[in-house]
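Survey of secondary and tertiary structure
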Amino acid sequence: NKHSLEDVVALLTSDCVIDVPTVPPAGIKYESAAEASGFWADALSADDESLNVDERIATTDDRAVIRWRSSRRHGLYIVQVREGRISNVIVYGWE
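Quick summary incoming for the structure in this document. (Residues numbered from 1 in each chain as written. Predicted model: local features only at pLDDT ≥ 70, side-chain atom pairs only at ≥ 80, totals over all residues. Heavy atoms only, no water.)

If you tally the helices and strands in the protein, you get 2 helices and 6 strands. When the helices and strands of the protein are listed from N to C terminus, the series reads α-β-β-α-β-β-β-β. The proportion of buried residues among the 95 residues of the protein is 31%. A fraction of 35% describes how many contacts in the protein between residues 6 or more apart in sequence connect residues 24 or more apart. Within the structure as shown, the protein displays about 5900 Å² of accessible surface, and the carbon and sulfur contribution to it stands at 52%. (Helix = DSSP H or I, 4+ residues; strand = E, 2+ residues; numbered from the N terminus. Buried < 20%, exposed > 50% of the residue type's maximum accessible area, 1.4 Å probe, protein only. Contact = heavy atoms within 4.5 Å. Areas by Shrake-Rupley, 256 points an atom, 1.4 Å probe, with all protein chains shown as cover.)

Next comes the structure, spelled out in structure tokens:
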């Protein structure tokens, strides 16, 4: 919950993919660490200090499901990890 973009970007694999299927009309996909860092910059700045990313966390082997909440939205991050770094994230968010 430090909201540190640098810390998040340091955890991404170079080929990290972030898929946001709930963005109309057909979702949006970020397909590199550079694109993914843009997603995280927007996500972390949009809700400022109100973002609570550790509302609930469940992990198994190389995956985690993280329930998050902000002042205006809530949702899930489904995260896949490879060699200790984030390789894939599916983002679901609702008003």
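It is worth spelling out the pattern of salt bridges at this point. Per the counting criterion, the structure on display carries 2 salt bridges. Put simply, D15 and R82 hold a salt bridge, and the shortest N to O gap is 2.6 Å. Taken as a pair, D15 in strand 1 (residues 12-20) and R82 in strand 5 (residues 74-82) lie far apart in primary sequence, 67 residues in all. Here R63 and D62 are joined by a salt bridge, their closest N and O atoms 3.9 Å apart. (Salt bridge = Lys/Arg side-chain N within 4 Å of Asp/Glu carboxyl O.)

One non-glycine residue with positive phi stands out, namely D61, at about 40 degrees. Note on placement: D61 falls in the loop between strand 3 (52-60) and strand 4 (63-69). The exposure class assigned to D61 is exposed, which follows from its relative accessible area of 82%.

This paragraph deals with the packing of aromatic side chains. Counted under the stated rule, the structure contains 5 aromatic pairs. Geometrically, the ring pair formed by W40 and Y77 is edge-to-face, given 5.2 Å between the ring centres and 70 degrees between the ring planes. One end of the pair, W40, is in helix 2 (residues 33-46); the other, Y77, is in strand 5, with 37 residues separating them in the sequence. Summarising the burial analysis for this pair, W40 and Y77 share the class buried. Judged by centre distance (5.7 Å) and plane angle (25 degrees), the rings of W68 and Y77 are stacked. The same class applies to W68 and to Y77, which are both buried. Feature note: the residues Y30, F39, W40, W68 and Y77 constitute an aromatic cluster, connected by ring pairs. (Phe/Tyr/Trp six-rings, centres within 6.5 Å; stacked < 30°, edge-to-face > 60°.)

Okay, the environment of L12 next. By the element assignment, L12 lies in strand 1. Given a relative accessible area of 2%, L12 falls into the buried group. A sequence separation of 25 residues divides L12 from S37, and the C-alpha atoms of the two residues are 8.3 Å apart. Once you skip the residues sitting within four places of it in the chain, L12 turns out to touch A33, A36, S37, W40, R85 and I86.

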